[in-house]
Amino acid sequence: MKLFATKRFYYSIIVLTIVFVASYFFPALFVPVKLVFFAFLVLFFADFMLLFITRGELTCDRELPERFSNGDDNAVVLKINNSYSFDLQVTALDELPTQFQIRDLTIRLTASKGGSRMASYSVRPTERGEYDFGNTNLLAATKISLINRRFMVKHDQT
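A brief structural summary.

Parameters at a glance
- Residues numbered from 1 in each chain as written.
- Predicted model: local features only at pLDDT ≥ 70, side-chain atom pairs only at ≥ 80, totals over all residues.
- Heavy atoms only, no water.
- Buried < 20%, exposed > 50% of the residue type's maximum accessible area, 1.4 Å probe, protein only.
- Helix = DSSP H or I, 4+ residues; strand = E, 2+ residues; numbered from the N terminus.
- Pairing = 2+ DSSP bridges.
- Axes fitted to C-alpha atoms, helices over the stretch in contact; angles between N-to-C directions.
- Contact = heavy atoms within 4.5 Å.
- Core = buried A, V, L, I, M, F, W, Y, C linked by side-chain atoms within 4.5 Å.

1. Section: the pairing of strand E7 (residues 136-141)
So, step 1. Among the 6 residues of E7, 6 are classified as buried, and the element is accordingly described as predominantly covered.
So, step 2. Neither face of E7 is open: one carries Thr136, Leu138 and Ala140, the other Asn137, Leu139 and Ala141, and all of them are buried.
So, step 3. Note: strand E4 (residues 88-94) against E7, 6 bridges, orientation antiparallel. Residue pairing for E7: threonine 91 is matched across the bridge by leucine 139.
So, step 4. Judged from the 5 bridges that link them, E7 and strand E8 (residues 147-153) form a sheet pairing that is antiparallel.

2. Structural notes on the sheet that holds E8
So, step 1. Strand order in the open sheet formed by 5 strands is E1-E8-E7-E4-E5, with antiparallel pairing between adjacent strands. If you trace the sheet from one side to the other, it starts and ends with strand E1 (3-5) and strand E5 (107-111), each paired once. The average undirected angle you get between the axes of adjacent strands in this sheet is 30°.
So, step 2. In the packing of helix H2 (residues 30-53) onto the sheet, contacts are made with E1, E4, E7 and E8, and the angle to E8 comes to roughly 20°.

3. Regarding unusual backbone geometry
So, step 1. The backbone phi angle of serine 145 is positive, close to 60°, even though this residue is not glycine.
So, step 2. As for its position among the elements, serine 145 is in the loop between E7 and E8.
So, step 3. With a relative accessible area of 18%, serine 145 lands in the buried category.

4. Overview of the environment of phenylalanine 20
So, step 1. On the secondary structure map, phenylalanine 20 appears in helix H1 (residues 7-25).
So, step 2. For the pair phenylalanine 20 and phenylalanine 37, spaced 17 residues apart in sequence, the C-alpha separation works out to 9.5 Å.
So, step 3. Among residues more than four places away in sequence, those in contact with phenylalanine 20 are Phe30, Val33, Lys34 and Phe37.

5. Concerning the nonpolar core
So, step 1. Counting residues in each nonpolar core, the largest one holds 33 residues, and the members touching the most others are Leu58, Ile80, Leu88, Val90, Tyr121 and Leu138.
So, step 2. Per element, the largest residue contribution to this core is 4 residues, and it comes from H2.

What follows is the structure, given as structure tokens:
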């Protein structure tokens, strides 16, 4: 399964744990914390159902120039298509050629329901030769944002 927890999920678990421990010393907190915990579970399962049970997927097309110009910035365009019936927060992680030594390229955007969105970045080649681009990983999250669903788009390009 391509499920990843977000920071919001972990922060929620930490806060709930701290308040559960505090409820040992202040028993009046126990019932409200249990209610908040069950609300958290409901939100988690709603987020899961929206991402994994409903129909929809994210696709991506990468547009590259046929040849890169050495020493110049060359634009790389990602066209992300959302076929879900609701908006998604998308994080695109493109696998760049090792020659660029870029390991932290992250593009965050909002993809409208049933629409497409363009994102671009630039690379600057410094030597001649072939540059092999790998897959594009798309992490999709709803507005609840407790979990991410990963879509791996396989489109190796040289």
